[in-house]
Amino acid sequence: MHAVDIGFSPDHFPQVHLFSYIDGALHCEGVNLESVADRFGTPAYVYSAGTIRSNFQRLNRALDPLDRLICFAVKANSNLAVLNLLAREGAGFDIVSAGELFRVLRAGGRADRCTFAGVGKTREEIEYALREGVYCFNVESEAELERINEVAGKLGLLAPVAIRVNPDVDARTHKFISTGKSKNKFGIGLDRAGDVYAKAAALPHLKIRGIQTHIGSQILEAGPFAEAAQKLLALVTEIKNRHDIEFFSIGGGIGIVYDPALASGDPAWWTSTDHPHRITTEDYASALLPLLTPLGLRILFEPGRFVVGNAGVLLSTVQYVKTTPAKTFTIVDAAMNDLIRPALYEGWHEIVPLKKPSAPAAPMDVVGPVCESGDFFAQDRELPPLAPGDRIALLSAGAYGFVMSSNYNSRPLLPEILIEGADVRLVRKRQTLEDLVAGESLTGDAA
Ligand SMILES: *Cc1c(COP(=O)(O)O)cnc(C)c1O
């Protein structure tokens, strides 16, 4: 990855993404984003294929000593072209619904490299995943074990299962994206896991294949991952001896840098270990390898955000600038229905103009047009002067961006554009107004 020069402090992201100013114009890889906005309009999501590829490869390399499978968490970004790119890199996939499995298969991914997670799998989803031959169901309750057993029996199949164990560690992340504390709805407590495995072993249509954990998302230190692995080691060994499992999945959750103000301007910051606000693949691997290697199992990783987060931006155009006695509001054409992270869990996105600014920054709110006070992208943020017609990019919007978008306020879903080098591909069309009402009718069909 080349060093980039974004925002007001250069070289913040030397190993994070391929968005940079070239001759004063923001580029994604070799492509000027103004030309992308001219061609496809705004708002629009743009992804850098080179960044996705590089992130995946960097993590895969760091974990090289292990027999491993990196299962990309599809919920972070499920565009078919992104999934196809990752399938070609050799990724497996962590899915949470029938729809995600359908996407993986449509994108050229393999079912036998998919793990199926989630607390609420329906009978229909279980049947579909069984017929397609998923690698494993990661099971979150005893009732789910019974249901999978029942569906498998009906189909005359053996269902591969792993139990998701909740290690009760504090991932030190936002409360809405922390999953590994005992008060969360996820997984089965450490104290009950042995019994639940015994129960699984007694069910005739199940095959115990592994053990899984996942402690949360946007975790910026290696410590909580190591703590989770440490707390599970004895159990994993016991389950391995008793049930002859193939794999241990440590889940996903590797965090990314959203706010460059938290980063050091020193390039060494990116390559040395143990800094707050950032975790490197080296930190992650060196904390986990000594714990995981001796297990003699295949290790699964389920990163989502880490692979795609910094690889995407949301392009938007300023519509109005409204000044009140209290504040300046810059009103843009993207909204919370396009990118809900700020409204949903105080997600923070760096905002940069497509034309490199020279004027000094001043505080403003950047807001969307949706009729909700939660519809903002930045509050009291120091940004360069922006005028109607100016275009901006919201950085690090590649994960939990488009996938969480909705048609709220009857706003059509955005296009997604994938760039590699000088190659620009529209990998999802913008919805039309007709698309908005497809499937509806004035009176409905009589039942
Ligand atoms: C959401 C999720 C992931 C991915 O989390 P990231 O923070 O995007 O890496 C992985 N595994 C499970 C079970 C998840 O629910």
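Refer to the structure presented above.
Criteria and cut-off values
- Per chain, residue numbering runs from 1 following the sequence as it is written.
- Given that the model is predicted, a residue must reach a pLDDT of at least 70 before its local features are reported, and side-chain atom pairs must reach 80 or more before they are shown or counted; all residues, however, enter totals for whole chains, interfaces and linings.
- The basis for every side-chain value is the complete set of heavy atoms in the structure, and neither hydrogens nor water enter the calculation.
- Helix numbers and strand numbers start at the N terminus; a helix is a DSSP run of H or I with at least 4 residues, a strand a run of E with at least 2.
- In this treatment the radius of gyration is a C-alpha quantity, and the globule benchmark scales as 2.2 Å times the residue count to the 0.38 power.
- Only protein chains enter the calculation, and the probe is 1.4 Å; a residue is then buried if its accessible area is under 20% of its type maximum, exposed if over 50%, and partly exposed in between.
- By definition, residues are in contact when any of their heavy atoms lie within 4.5 Å.
- Where accessible areas are quoted, they stem from the Shrake-Rupley method and a 1.4 Å probe; at the residue level, only the protein chains shown are allowed to cover.
- Within this scheme the basic residues Lys and Arg register as positive and the acidic residues Asp and Glu register as negative, but His and the chain ends are omitted.
- Lysine's charge is taken at NZ, arginine's at CZ, aspartate's at CG and glutamate's at CD.
- The directions from the helix axis to the C-beta atoms form the arc being described.
- Nearness of a residue to a molecule or strand requires only that one of the residue's heavy atoms be within 4 Å of it.
- Side-chain atoms alone can form a polar contact between residues adjacent in sequence; in general such a contact is a pair of N or O atoms within 3.5 Å, and within protein one must be able to donate a hydrogen while the other accepts it.
- Ten residue types, Ala, Val, Leu, Ile, Met, Phe, Trp, Tyr, Cys and Pro, are classed as nonpolar, four, Asp, Glu, Lys and Arg, as charged, and the remainder, Gly among them, as polar.
- To pair, rings of Phe, Tyr and Trp, with the six-membered ring standing in for Trp, must have centres within 6.5 Å; the planes then decide the type, stacked if under 30 degrees apart, edge-to-face if over 60, and tilted in the middle.
- If DSSP finds at least two bridges between two strands, the strands pair.
- The criterion is simple. A nonpolar core is a set of buried Ala, Val, Leu, Ile, Met, Phe, Trp, Tyr and Cys residues joined through side-chain atoms within 4.5 Å.
- These domain limits were set by an automatic method or by a database of domain assignments.

Here the focus is the overall build of the protein chain. In terms of helices and strands, the protein chain carries 12 helices and 21 strands. The globule rule puts the C-alpha radius of gyration for 447 residues at 22 Å, and the 23 Å found for the protein chain is close to it. Along the first, second and third principal axes, the C-alpha atoms of the protein chain reach 70 × 65 × 40 Å. Across the 447 residues in the protein chain, those meeting the buried criterion constitute 56%. Long-range contacts, defined as pairs at least 24 residues apart, comprise 68% of the intrachain contacts of the protein chain with a sequence gap of at least 6. A total of about 18,300 Å² of accessible surface is found on the protein chain, and carbon and sulfur atoms cover 52% of it. Taking the average location of the 44 positive side-chain charges in the protein chain and that of its 53 negative ones, the two points are 3 Å from each other.

Inspection of helix H5 (residues 123-132) places Glu-125, Ile-126, Ala-129 and Leu-130 among the buried residues, and these make up the whole buried set. Buried residues along H5 cover an arc of 130 degrees about the axis, so they all sit on one side. Across from the buried face of H5, at angles greater than 90 degrees, the exposed residues are Glu-124 and Arg-131. On its buried face, H5 is in contact with helix H4 (98-106), strand S7 (114-116), strand S8 (136-139), helix H6 (142-155) and strand S9 (159-166). Note on H5: the residue one or two positions beyond its end, Gly-133, has a positive phi of about 85 degrees.

Attention now moves to the site of the ligand. What surrounds the ligand is a group of 14 residues, the closest being Lys-75, Ser-217, Glu-302, Arg-305 and Tyr-400. The separation between an oxygen atom of the ligand and a polar side-chain atom of Lys-75 is 2.7 Å. Expressed as a share of its isolated accessible area of 390 Å², the protein-covered part of the ligand is 94%. Class assignment of the residues belonging to the shell around the ligand gives a composition of three nonpolar, six polar and five charged.

A few words now on the packing of aromatic side chains. With the rule as written, the count across this model stands at six aromatic pairs. Measuring from ring centre to ring centre gives 5.0 Å for Phe-225 and Tyr-284, while their planes differ by 90 degrees; the resulting arrangement is edge-to-face. Taken together, the positions of Phe-225 in helix H8 (residues 223-243) and Tyr-284 in helix H9 (residues 281-292) put the pair 59 residues apart, joining distant regions of the chain. In this structure Phe-225 comes out as buried when scored by relative accessible area, which is 1%. Residue Tyr-284 is classed as buried on the basis of its relative accessible area of 1%.

Here the focus is the pairing of strand S1 (residues 19-22). Relative to strand S2 (residues 25-28), S1 runs antiparallel, the two being bridged by four bridges. What sits directly across from Ser-20, in S2, is His-27. In textbook terms, the turn of a hairpin is the stretch between consecutive antiparallel strands, and for S1 and S2 this stretch comprises two residues, one of which, Asp-23, has a positive phi near 50 degrees.

Moving on, we get to the sheet that holds S2. Sheet strands pair by backbone hydrogen bonding; their relative direction is either parallel or antiparallel. In space, the three strands of this open sheet follow the order S1-S2-S3, with antiparallel pairing throughout. Each end of this open sheet is capped by a strand with a single partner; those strands are S1 and strand S3 (31-32).

What follows covers the nonpolar core. Counting 105 residues, the largest nonpolar core has Leu-86, Phe-137, Phe-248, Tyr-284 and Phe-301 as its most contacted members. Take this core: its biggest share by element is nine residues, from H8. Summarising the domain contributions, this core has at least three residues from each of domain 1 (3-48 + 310-436) and domain 2 (117-303). Setting aside residues up to four positions removed in sequence, Phe-137 forms contacts with Phe-116, Lys-121, Ile-126, Ala-129, Leu-130, Ile-148, Ala-159, Pro-160, Val-161 and Ala-162. With 19 residues, the next largest nonpolar core counts Leu-33, Val-36, Val-46 and Val-313 among its residues.

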